[in-house]
Amino acid sequence: MTGRWRRISWTLTLSTTCLAAFLSVIVPAHAARADQLDAAKLAGALVRISATILPDSQSARSLGTEREGTGVVIDGSGLILTIGYTILEASQLQVTTGEGRGYPAEFVAYDQASGFGLLRAGMGFSAAPVRLGDSDAIKEGERAMVLTRQGSTGVQPVLIAAKREFAGYWEYLLDEAIFTTPPIMGFNGAALIDRKGELVGIGSLIVRDAVPAHGGIPGNMFVPVSALKPILADLLAFGRRQEPARPWLGVTLREEQGRLMVERVTPQSPAATVGIRPGDMIVGVAGQRPKGLADFYRKVWDLGPAGVTVPLELLRGPKLEPVAVPSADRYSTLKLNPTF
């Protein structure tokens, strides 16, 4: 699972001087002491997740078969919220408390659109839950803290650096993600806690442009809990949201000067079946030119639900080639282990 993080970790060293100068201006010196006092009351709701993934699963190719992350207890029955890729296609799950006690856990749900995952600890597990906060209300420039069960630093004060759109290269889009700085390495599933002591985000990525200005300040991207609240009942009842699935193509993309380059094609995906290959440039969708990664996703998803044919225009060298891709439901390709 560490491959994609290595590609951007070099930016942390390059940006250290700029980051230190930036934070010295906007983060009060007493922030760490105040936030650590609050953290002591919340740490009991955090667990370390250990996941063993089915070796023949699709996600094992890119994320590995042994994964670890943080989870946050959000109700009194042992329901735990995390970032979904940590538990995706898991055949075995265990959670470990801060005291070192381990408990088996079961997969509950995965939401492709938001990226959230849910699991439930059993066998006598008990922990006071963290309350879900109002992630829409948190503002840029506010202080918060990040709690994690990974690495040596379990608590870190952070600044809300930005709230903006995020487009991931794996056919993923958030209309408004939360970006924080300074960066933490134990980010996946980490809890972003506001000044009320409530959960407002779940850690997903380390990024090199949490603050795009100043040459790019590194930090982390968090999925806001506002994306969970409307779908939580569906996830608990069905393991996924109950609305038509978005069309999935199976391409990993990189944006280059307004063009979209195919970096990877998922084996046996819709894109693979029609011959799309790494190095292809996607320059058109249904007769329109995408203005970037986010615009490309929206144009594809606007065509209809999973199963719709997506007409693409590819640039291969000097040649333009039209390709009709019969899209699929991403869930149909995953080896989930639901309990419903």
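Going by the structure above, here's the rest.
Residues numbered from 1 in each chain as written. Predicted model: local features only at pLDDT ≥ 70, side-chain atom pairs only at ≥ 80, totals over all residues. Heavy atoms only, no water.

A. Spatial organisation of the sheet that holds strand 7 (residues 143-147). Spatially, 7-8-9-12-11-10 is the arrangement adopted by the six strands of the closed barrel, whose pairing is antiparallel. Within this sheet the neighbouring strands show an average axis-to-axis angle of 50 degrees, counted without direction. Sheet analysis places strand 8 (residues 155-168) next to strand 9 (residues 172-181), joined by eight bridges and oriented antiparallel. When the bridges of strand 9 are listed, Ala162 appears paired with Phe179. Together, strand 8 and strand 9 form the strand contacts of helix 7 (residues 293-301), whose direction differs from that of strand 8 by roughly 55 degrees. (Pairing = 2+ DSSP bridges. Helix = DSSP H or I, 4+ residues; strand = E, 2+ residues; numbered from the N terminus. Axes fitted to C-alpha atoms, helices over the stretch in contact; angles between N-to-C directions. Contact = heavy atoms within 4.5 Å.)

B. Seen up close, the packing of aromatic side chains. If you walk through the whole model with that rule in mind, you get nine aromatic pairs. Pairing Phe166 with Trp170 gives two aromatic rings, centres 6.2 Å apart and planes at 50 degrees, and the pair type is tilted. Assessed through its relative accessible area of 14%, Phe166 is described here as buried. Look at Tyr169 and Trp170: their rings are 4.9 Å apart centre to centre, the planes differ by 80 degrees, and that puts the pair in the edge-to-face class. When its relative accessible area of 25% is taken as the criterion, Trp170 is described as partly exposed. (Phe/Tyr/Trp six-rings, centres within 6.5 Å; stacked < 30°, edge-to-face > 60°. Buried < 20%, exposed > 50% of the residue type's maximum accessible area, 1.4 Å probe, protein only.)

C. Region of interest: the side chain of Glu198. By the element assignment, Glu198 lies in the loop between strand 10 (191-193) and strand 11 (199-211). Once residues within four sequence positions are removed from consideration, Glu198 is found in contact with Val130, Arg131, Leu132, Gly133, Asp134, Leu192 and Ile193.

D. Broad picture of helix 7. The buried fraction of helix 7 is high, at seven of nine residues. Within the sequence span of helix 7, burial applies to Leu293, Ala294, Phe296, Tyr297, Lys299, Val300 and Trp301. Buried-residue contacts for helix 7 involve strand 8, strand 9, strand 13 (251-256), strand 14 (259-265), strand 15 (281-285) and strand 16 (309-316).

E. Expanded view of the pattern of salt bridges. For the structure shown, the criterion picks out 15 salt bridges. A salt bridge links Arg316 to Glu321; its shortest N-O distance comes to 3.0 Å. For Arg316, a relative accessible area of 17% puts it in the buried group. (Salt bridge = Lys/Arg side-chain N within 4 Å of Asp/Glu carboxyl O.)

Structural measurements only, silent on function.
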